[in-house]
Amino acid sequence: MTAFAACLFAFAALTSVWIMAATWRRYGSGALALRAQLAACPESIVIFWKSTEHRQQPALAPLRKGRAERPARRNLQAPGLEWPGAALAA
């Protein structure tokens, strides 16, 4: 059984190396050309990032609320697909 496991491991390793080599052959030249394409790009894009900060609450704050302060529970439907026309058939 140990020899069988070793053969499976060797097969998986060779398959991984084969796939990596095929990927490098197919996409390697494009990946190496990305730096030249970026340098040749005449314009640049400026990205603005905004973040919203929320006030911090103690870790157990939701558990300490009284029953009167808790929002009403919503009845959630079971997840599933909604097909067009399914409501007409029901």
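Residues numbered from 1 in each chain as written. Predicted model: local features only at pLDDT ≥ 70, side-chain atom pairs only at ≥ 80, totals over all residues. Heavy atoms only, no water.

Colleague: How do you make sense of the overall build of the chain when you look at a structure like this?
Modeller: Each helix and strand in the chain was counted, giving 3 helices and 0 strands. When its helices and strands are written in sequence order, the chain yields α-α-α. The buried share among the 90 residues of the chain stands at 2%. (Helix = DSSP H or I, 4+ residues; strand = E, 2+ residues; numbered from the N terminus. Buried < 20%, exposed > 50% of the residue type's maximum accessible area, 1.4 Å probe, protein only.)

Colleague: What should I look at first to understand the confidence of the model for the chain in this one?
Modeller: The predicted coordinates ought not to be read in detail in places where the model reports low pLDDT. Confidence in the prediction of the chain, expressed as mean pLDDT, is 79, and 67% of residues score 70 or more. When mean pLDDT is taken per element in the chain, helix α1 (residues 2-40) scores highest with 93 and helix α3 (residues 86-89) scores lowest with 61. (pLDDT = per-residue confidence, 0-100.)

Colleague: Just checking my understanding: could you explain α1 for this structure?
Modeller: End to end, α1 covers 55 Å across 39 residues, agreeing with the expected 57 Å (1.5 Å per residue, within 8%). The sharpest bend along α1 comes to roughly 55°, located at Y27. Across the 39 residues of α1, 1 count as buried, placing the element largely on the outside. (Expected span 1.5 Å × (residues − 1). Bend = angle between axes of the 7 residues up to and from the residue.)

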